[in-house]
Amino acid sequence: MLLRSFTVLALLAVATLARAQDRPIGFQMPSKNIACQVFADNGQDTLRCDILTIDTPPRRPPDCELDYGHAFAMTARGDARGGSARICAGDTVVDPSLPVLAYGEIWQRAGFTCRSEQTGLTCFNAMQHGFSLARGRQEVF
């Protein structure tokens, strides 16, 4: 009986660990309008942030057949400038289970730093490249 109890506890621990590893790494703003997640893409850590509502959506480029203007991405050491930060995407990283990054708080993971403010979100990488997102304006630097 003791061995069976130990086996059940071990299996529960493994299942809990597996679920913890499957959880997204990221956050959402208190407004729930912006959410970000970090994931590995071709061996590089990538930060992607999606903004649900923007005042003036940009024109979709002809080579994008998906949604455009609401998703931004950068690698931990890459350059986010030149328009490459705004991506063409048919999915979203918005997830209601993500923790809320309160206004005035800073989030740091995998070489990325993000600051939540009532005026919007600013994220940058180790090379100080990044983006600022708000309903009224999205800027890549």
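What counts, and where the lines are drawn
- Residues numbered from 1 in each chain as written.
- Predicted model: local features only at pLDDT ≥ 70, side-chain atom pairs only at ≥ 80, totals over all residues.
- Heavy atoms only, no water.
- Helix = DSSP H or I, 4+ residues; strand = E, 2+ residues; numbered from the N terminus.
- Buried < 20%, exposed > 50% of the residue type's maximum accessible area, 1.4 Å probe, protein only.
- Contact = heavy atoms within 4.5 Å.
- Areas by Shrake-Rupley, 256 points an atom, 1.4 Å probe, with all protein chains shown as cover.
- 1 Å grid on protein atoms, 1.4 Å probe; cavity = no way out; pocket = protein on both sides within 12 Å on 5 of 7 lines; lining within 4 Å.
- Points joined across faces, edges and corners; volume = space filled by probe spheres on them.
- Nonpolar A, V, L, I, M, F, W, Y, C, P; charged D, E, K, R; others polar.
- Polar contact = N/O pair within 3.5 Å; in protein donor to acceptor, adjacent residues only side chain to side chain.
- Phe/Tyr/Trp six-rings, centres within 6.5 Å; stacked < 30°, edge-to-face > 60°.
- Pairing = 2+ DSSP bridges.
- Axes fitted to C-alpha atoms, helices over the stretch in contact; angles between N-to-C directions.

Student: Give me the lowdown on the overall build of the chain, citing residues and values where you can.
Tutor: In terms of regular secondary structure, the chain is built from one helix and ten strands. Listing the helices and strands of the chain from first to last along the sequence gives α-β-β-β-β-β-β-β-β-β-β. Residues counted as buried form 34% of the 141 residues belonging to the chain. Considering only contacts in the chain between residues 6 or more positions apart, those separated by 24 or more positions represent 50%. Element-wise, carbon and sulfur atoms account for 54% of the exposed surface of the chain, whose accessible area totals about 8,800 Å².

Student: Describe the layout of surface pockets, and please don't skip the residues or the numbers.
Tutor: Empty space within the largest pocket amounts to approximately 150 Å³. Around the largest pocket, the lining is made up of 13 residues, and of these Ser-31, Asn-33, Gln-118, Gly-120 and Arg-135 lie nearest the centre. Of the residues that constitute the lining of the largest pocket, the class distribution is five nonpolar, six polar and two charged.

Student: For the side chain of Asp-50, give the residues involved together with the corresponding values.
Tutor: As for its placement among the helices and strands, Asp-50 is situated in strand β3 (residues 44-51). A polar contact is formed between the side chain of Asp-50 and the side chain of Arg-48, at a distance of 2.9 Å. Excluding residues within four positions of it along the chain, Asp-50 makes contact with Asn-33, Ile-34, Ala-35, His-70, Ala-71, Phe-72, Asp-91, Thr-92, Val-93 and Val-94.

Student: Run through the packing of aromatic side chains, naming residues and quoting values.
Tutor: The tally for this structure, following the rule as stated, stands at two aromatic pairs. Residues Phe-27 and Trp-107 carry aromatic rings whose centres are separated by 5.0 Å and whose planes lie at 55° to one another, so their mutual orientation is tilted. In this pair, Phe-27 sits in strand β1 (residues 25-28) while Trp-107 sits in strand β6 (residues 106-109), placing the two residues 80 residues apart along the sequence. When its relative accessible area of 1% is taken as the criterion, Phe-27 is described as buried. For Trp-107, a relative accessible area of 7% corresponds to the buried category. Taking 5.6 Å as the distance between ring centres and 45° as the angle between the ring planes, the aromatic pair formed by Phe-72 and Phe-131 counts as tilted. Here Phe-72, found in strand β4 (residues 67-75), pairs with Phe-131, found in strand β9 (residues 130-133); they are 59 residues apart in sequence, far enough to count as distant.

Student: Give me unusual backbone geometry: which residues, what numbers.
Tutor: Residues other than glycine seldom take positive phi values, yet Lys-32 does so here, at roughly 65°. Position of Lys-32 relative to the elements: it lies in the loop between β1 and β2 (34-41). Judged by relative accessible area, Lys-32 falls into the partly exposed class, the value being 42%.

Student: If you had to explain the sheet that holds β9 to someone new, which residues and values would you point to?
Tutor: Spatial strand order, β6-β7-β8-β9-β10: five strands in an open sheet with antiparallel pairing. With partners counted over all chains shown, the strands left at the sheet margins are β6 and β10 (138-140), one partner each. Adjacent strand axes in the sheet meet at a mean angle of 10° when their direction is disregarded. Where β9 and β10 come together, three bridges link them in antiparallel fashion. Of the residues in β10, the one forming a bridge with Phe-131 is Val-140.

Student: Which residues make up the sheet that holds β1, and what values do they have?
Tutor: Spatially, the five strands line up as an open sheet ordered β1-β2-β3-β4-β5, and their pairing is antiparallel. A strand with exactly one partner marks an edge of an open sheet, and here the two such strands are β1 and β5 (86-89). Between one strand and the next, the sheet's axes are offset by a mean angle of 30°, whatever the strand orientation. In terms of strand pairing, β2 meets β3 through eight bridges, oriented antiparallel. Each bridged residue has a counterpart across the sheet, and for Phe-39 the counterpart in β3 is Thr-46.

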